[in-house]
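Read off the chains here:
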Amino acid sequence: MSDQKQNNNPLHGKTLEMILNALVAKYGWPELGYRIRINCFLDNPSINSSLKFLRKTPWARKKVEELYISSQLD
């Protein structure tokens, strides 16, 4: 990918862990679980367990990334 395309990518330079931490800081686990209905956000949530799930579940990761982009967090 060219540098120009990466500059326009709001996720460029962001790790999944950074994205998840920002969302938890903004919304908290209960609200995050309400917005994205996955058990790792609803049942005894933690960053590590959520990362493990999101890394192997593309549809869930996509939802997290979309929420991050729509929330315009930096």
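My aim in this report is to walk through the structure given alongside it, one point at a time. Fair warning: this is a prediction, and the values are worked out from it, not measured in the lab.

Another point: the packing of helix α2 (residues 16–35) against helix α4 (residues 47–55). Their axes nearest at 11 Å, the elements α2 and α4 cross at an angle of 125 degrees. Taken together, the axes of α2 and α4 are oblique relative to one another. Between α2 and α4 the crossing geometry is right-handed. Between α2, through Leu16, Glu17, Leu20, Asn21, Val24 and Trp29, and α4, the contact on the second element is made entirely by Ile47, Ser50, Leu51, Leu54 and Arg55. A per-class count over the contact of α2 with α4 returns 7 nonpolar, 2 polar and 2 charged.

By the element assignment, Thr57 lies in the loop between α4 and α5 (58–71). Classification of Thr57 as buried rests on a relative accessible area of 9%. There is a polar contact of 2.7 Å between the side chain of Thr57 and the backbone oxygen of Phe53.

It is worth spelling out unusual backbone geometry at this point. The phi torsion at Asn44 lies on the positive side, around 55 degrees, for a residue other than glycine. Of note, Asn44 is situated in the loop between α3 (39–42) and α4.

Moving on, we come to the nonpolar core. One finds Leu20, Leu23, Leu32, Ile38, Phe41, Leu54 and Val64 to be the most contacted residues of the largest nonpolar core, which totals 20 residues. Breaking this core down by element, the ones donating at least two residues are α2, α3, α4 and α5. The element contributing the most residues to this core is α2, with 8 residues. Those residues in contact with Val64 that sit more than four places away from it in its chain are Ile19, Leu23, Ile36, Phe41 and Leu54.

Let's shift gears to α2. Compared with the 28 Å implied by 1.5 Å per residue over 20 residues, the 17 Å span of α2 between its first and last C-alpha is markedly short. Of all the bends in α2, the largest measures some 100 degrees and sits at Gly28, one to four residues before the proline Pro30. Residues Leu16, Ile19, Leu20, Leu23, Val24, Tyr27, Gly28, Trp29, Leu32 and Gly33 constitute the buried set of α2. The inward-facing, buried residues of α2 contact α3, α4 and α5.

What follows is about the pattern of salt bridges. Under the criterion given, the structure shown has 3 salt bridges. We note a salt bridge from Glu31 to Arg35, for which the minimum N-O separation is 2.7 Å. Remark: Arg35 and Glu31 occur in helix α2; sequence separation between them is 4 residues, near one turn of the helix. Note that Glu65 is salt-bridged to Arg61, the shortest N-O span being 3.0 Å. One end of the pair is Glu65 and the other is Arg61, both in helix α5 and 4 residues apart, which spans about a single turn.

Conventions used here
- Residues numbered from 1 in each chain as written.
- Predicted model: local features only at pLDDT ≥ 70, side-chain atom pairs only at ≥ 80, totals over all residues.
- Heavy atoms only, no water.
- Axes fitted to C-alpha atoms, helices over the stretch in contact; angles between N-to-C directions.
- Helix = DSSP H or I, 4+ residues; strand = E, 2+ residues; numbered from the N terminus.
- Parallel < 35°, antiparallel > 145°, perpendicular 65-115°, else oblique.
- Left-handed = near helix turned anticlockwise from the far one by under 90°.
- Contact = heavy atoms within 4.5 Å.
- Nonpolar A, V, L, I, M, F, W, Y, C, P; charged D, E, K, R; others polar.
- Buried < 20%, exposed > 50% of the residue type's maximum accessible area, 1.4 Å probe, protein only.
- Polar contact = N/O pair within 3.5 Å; in protein donor to acceptor, adjacent residues only side chain to side chain.
- Core = buried A, V, L, I, M, F, W, Y, C linked by side-chain atoms within 4.5 Å.
- Expected span 1.5 Å × (residues − 1).
- Bend = angle between axes of the 7 residues up to and from the residue.
- Salt bridge = Lys/Arg side-chain N within 4 Å of Asp/Glu carboxyl O.

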